[in-house]
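Notes for the structure review
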Amino acid sequence: MRILKILVAVVAVGSLAGCMANDTERALVGAVGGAVVADALDTNVVAGAAVGAAAGALCDDAGFCR
């Protein structure tokens, strides 16, 4: 069940990140999503937010959210 929650969160964040207009907005959405996933996994929320922010900011450069 935990895997399902994580997959839903990743899909939701990924779809929202594509709708944002610039890297800053995508980074904010990624940070929130990363913190939520980290909290669901009972891991470090700050580290999750940092990873999510980096993923959100760089997703358009990687070609995921165009």
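Our structure's up above, just so we're on the same page.
The structure reproduced in this document is the subject of the present report.

1. Observations regarding unusual backbone geometry
- Positive phi outside glycine occurs at Asp42, with the angle close to 55 degrees.
- Along the chain, the position of Asp42 falls in the loop between α2 (23-40) and α3 (45-62).

2. Side note on α2
- The end-to-end C-alpha distance of α2, which contains 18 residues, comes to 25 Å, matching closely the 26 Å that a straight helix rising 1.5 Å per residue would cover.
- Looking only at α2, the buried set comprises Arg26, Ala27, Val29, Gly30, Ala31, Gly33, Gly34, Ala35, Val37 and Ala38.
- Of the residues flanking the start of α2, the one acting as N-cap is Asn22, its side-chain oxygen 3.2 Å from the backbone nitrogen of Thr24.
- Within two residues after α2, Asp42 carries a phi angle of roughly 55 degrees, on the positive side.

3. Overview of α3
- Under the 1.5 Å per step criterion, the end-to-end length of α3 is 24 Å for 18 residues, consistent within 8% with the ideal 26 Å.
- Its maximal kink placed at Gly56, α3 deviates by approximately 30 degrees.
- Where α3 is concerned, the buried positions are Gly48, Gly52, Gly56, Ala57, Cys59 and Asp60.
- N-cap assignment for α3: the residue whose side-chain oxygen lies 3.0 Å from the backbone N of Val46 is Asn44.

4. So, the pattern of salt bridges
- With the rule as written, the count across this model stands at 1 salt bridge.
- Between Arg26 and Asp23 there is a salt bridge; the shortest N-O distance is 2.7 Å. Here Arg26 pairs with Asp23, and both are found in helix α2, just 3 residues apart, close to one helical turn.

5. A look at the environment of Lys5
- Locating Lys5 in the fold gives a position in helix α1 (residues 2-19).
- The spacing of Lys5 and Val37 is 32 residues in sequence and 8.3 Å in space, taken between C-alpha atoms.

Parameters at a glance
Residues numbered from 1 in each chain as written. Predicted model: local features only at pLDDT ≥ 70, side-chain atom pairs only at ≥ 80, totals over all residues. Heavy atoms only, no water. Helix = DSSP H or I, 4+ residues; strand = E, 2+ residues; numbered from the N terminus. Expected span 1.5 Å × (residues − 1). Buried < 20%, exposed > 50% of the residue type's maximum accessible area, 1.4 Å probe, protein only. Polar contact = N/O pair within 3.5 Å; in protein donor to acceptor, adjacent residues only side chain to side chain. Bend = angle between axes of the 7 residues up to and from the residue. Salt bridge = Lys/Arg side-chain N within 4 Å of Asp/Glu carboxyl O.

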